[in-house]
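Listed below, chain by chain, are the residues.
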Amino acid sequence: MTITGEMLIDGEAVTGNGDAFYALNPTTGAQMEPAFRSGGVTDVARACELGRQAFNLYRNTSLETRAALLESIASNLEAAGNELVERAMAETGLARPRLEGELARTARQLRMFAGVVRKGHWLNATLDSASGAAPDLRMRMIALGPVAVFGASNFPLAFSVAGGDTASALAAACPVIVKAHPAHPGTSEIAGRAIQAAVASAGLPHGVFSMLVDHGHAIGEELVRHSAIKAVGFTGSRSGGIALSRIAANRPEPIPVYAEMSSTNPVFLLPGALRAGGVQLATGFADSLTASAGQFCTNPGLVLAIAGADTDAWKLAVSAAIVGRPAATMLTPGIHAAYEAGIARLDGMHGVRRLAHGVTPASSCQARAALYETTADAFLADKQIQNEVFGPSSVIVICRDSAHMLAVAQALEGQLTATVHAELQVDAALAQLLLSCLELKAGRVLINGFPTGVEVCHAMVHGGPFPSTSDGRTTSVGAGAIDRFLRPVCYQNVPDSWLPEALQDANPLNLWRLKDGERVNG
Ligand code: NAP
């Protein structure tokens, strides 16, 4: 497929009237063809109005139609496979195996949502029979309306144009308007065309999917302001997520913003675990820290351990593992500059000491891994140490004893993940105290694993209290992500034949429903 540098609106490719910009290959520093032209406010208005019109038809399509659309997008992405992966490699510097895995995951995610749509549990069909003076009341979830999606730079496929936000919004029957990430515009166009083709072959209105292009904030801000948009999905920086949340809250009609932002993903190393397997833990940790240049939202940026000989041995082992790690290309010069500024800040911080550096970079967009050490007292005295440094850096916080470790846990900001390494007998008491604290801090708590690697499944929570996300009640990965784009409606004394199928007496969709308080298939 020829990448043209255009936006995707109304079933067509549309050239923007704004400034031209180019994708940059972060490995070579070279600009890549073609030029992408930014859109303007008229493009935003057109895409949003088409989304508004499409919503009325799309939301009333059958579950099967929407499931088939998601499957068709997955197949189209797979058909674009090698081209998509090669363009993404060039635009992001990420390695082929990583991107091939990400493509497979993106397709799997779309197919999982197809299954979710067909099963219909998300409709939450609930029926309360009339009784005495109480009326007949029936409830189901319905779609919010058109959703604006902002893709992330670090997952050009799975968290971008055809990623989890788009899949879950389309599953919920919401049209999607994507603002493509300027760090991978060509990848975005290929994925966007795969969606556009699937919408067209399903005979659905063009406004079900649009993609806008920009390399600044204007289009994104305008999109969030547009009255047709009813919710926003975002993955990226804390500043970006907060800025878009403010715009959404200040609209005449405020709308929800589901922004996944920043997390340091603390890893607690308990004494029994360090004694039992310190060296293997050091290698596993170094792998988790440095994979894809540390550019994971679940990267372990904070480690907590109690002072002692086993902790000292672990520090030596992990330092040795980090020293040998090659430097790796980051996604963009901007992200690289932010990483350099982040580790310079840690280098200059009172009470923080550098333990190890990875191999010196050979080119300007490469990051070297960095490992720091501080004390729990210094950590508790300076909140800045908690700030995410996006990339392969981590701070080990040394605690005096268990109580000190719990005090640090209690002082943590909201996190996507929190991990405890524990020997199941020796560390049981402290591990359970930590779990009780950490479930209030994080969306996912892990025992004896590493936080990188997020399964796409029904029980996954990829979310957490602020600042990991703007709304800790939800998840952006897994089947539960569909709930972000739904709201409940109750139907009181509505005649059976006027009710939506999900709520009709005969249960034509064959759903599991909550009937007078009991879960029944009928
Ligand atoms: P970003 O700068 O927040 O950008 C994400 C998307 O939002 C881009 O399309 C960007 O458009 C747009 N955007 C950002 N701020 C905006 C604003 N104020 N108004 C309107 N649109 C806005 O994130 P990024 O480029 O992916 O990475 C930058 C930093 O984000 C990283 O260094 C890292 O700290 C963090 N990050 C976190 C995660 C995570 O999973 N938590 C993932 C990736 C990155 P433009 O680029 O065109 O402005």
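Values in this document were obtained by computation on a predicted structure and should not be read as measured data.

## A closer look at the site of the ligand
With respect to spatial proximity, 24 residues lie near the ligand, and among them Ser153, His217, Ser237, Met261 and Cys297 are the closest. Within the side chain of Ser153, an N or O atom sits 2.6 Å from an oxygen atom of the ligand. In the model, an oxygen atom of the ligand is placed 3.1 Å from a nitrogen or oxygen of the Gly216 main chain. Within the complex, 87% of the 860 Å² of free accessible area of the ligand lies under protein. At the level of elements, strand S10 (231–235) and helix H8 (238–249) are the ones that each hand at least two residues to the shell around the ligand. Counted by class, the shell around the ligand contains 9 nonpolar, 10 polar and 5 charged residues. Here the shell around the ligand spans two domains, since at least three of its residues come from each of domain 1 (7–17 + 37–117 + 145–261 + 473–484) and domain 2 (266–447).

## Some points on the nonpolar core
Grouped together as the largest cluster of nonpolar side chains are 146 residues, with contacts concentrated most on Phe268 and Leu434. Ranked by the residues each element gives to this core, the list is headed by helix H4 (residues 96–119), at 9 residues. Looking at this core, you find at least three residues from each of domain 1 (7–17 + 37–117 + 145–261 + 473–484) and domain 2 (266–447). Formed by 20 residues, the second largest nonpolar core is a distinct cluster that contains Val267, Phe285, Ala286 and Ala321.

## What to know about the domain arrangement of the protein chain
Once the domains are mapped, the protein chain shows domain 1 (7–17 + 37–117 + 145–261 + 473–484) and domain 2 (266–447). Summarising the inter-unit geometry, the C-alpha centres of domain 1 and domain 2 are found 33 Å apart. Contact with domain 1, which involves 11 residues of that partner, is made by 13 residues of domain 2. Roughly 930 Å² of surface becomes buried between domain 1 and domain 2 when both sides are summed, with 56% attributable to carbon and sulfur atoms. The largest share of the area that domain 1 buries against domain 2 comes from Asn154, Arg238 and Glu260, three residues that together contribute 38% of it. Taken together, domain 1 and domain 2 are joined by 1 salt bridge. For the salt bridge of Arg238 with Glu413, the shortest nitrogen-to-oxygen distance reads 3.3 Å.

Criteria and cut-off values
- Residues numbered from 1 in each chain as written.
- Predicted model: local features only at pLDDT ≥ 70, side-chain atom pairs only at ≥ 80, totals over all residues.
- Heavy atoms only, no water.
- Near = heavy atom within 4 Å.
- Polar contact = N/O pair within 3.5 Å; in protein donor to acceptor, adjacent residues only side chain to side chain.
- Areas by Shrake-Rupley, 256 points an atom, 1.4 Å probe, with all protein chains shown as cover.
- Helix = DSSP H or I, 4+ residues; strand = E, 2+ residues; numbered from the N terminus.
- Nonpolar A, V, L, I, M, F, W, Y, C, P; charged D, E, K, R; others polar.
- Domains from an automatic or database assignment.
- Core = buried A, V, L, I, M, F, W, Y, C linked by side-chain atoms within 4.5 Å.
- Buried < 20%, exposed > 50% of the residue type's maximum accessible area, 1.4 Å probe, protein only.
- Contact = heavy atoms within 4.5 Å.
- Buried area = accessible area lost by both parts, 1.4 Å probe.
- Salt bridge = Lys/Arg side-chain N within 4 Å of Asp/Glu carboxyl O.

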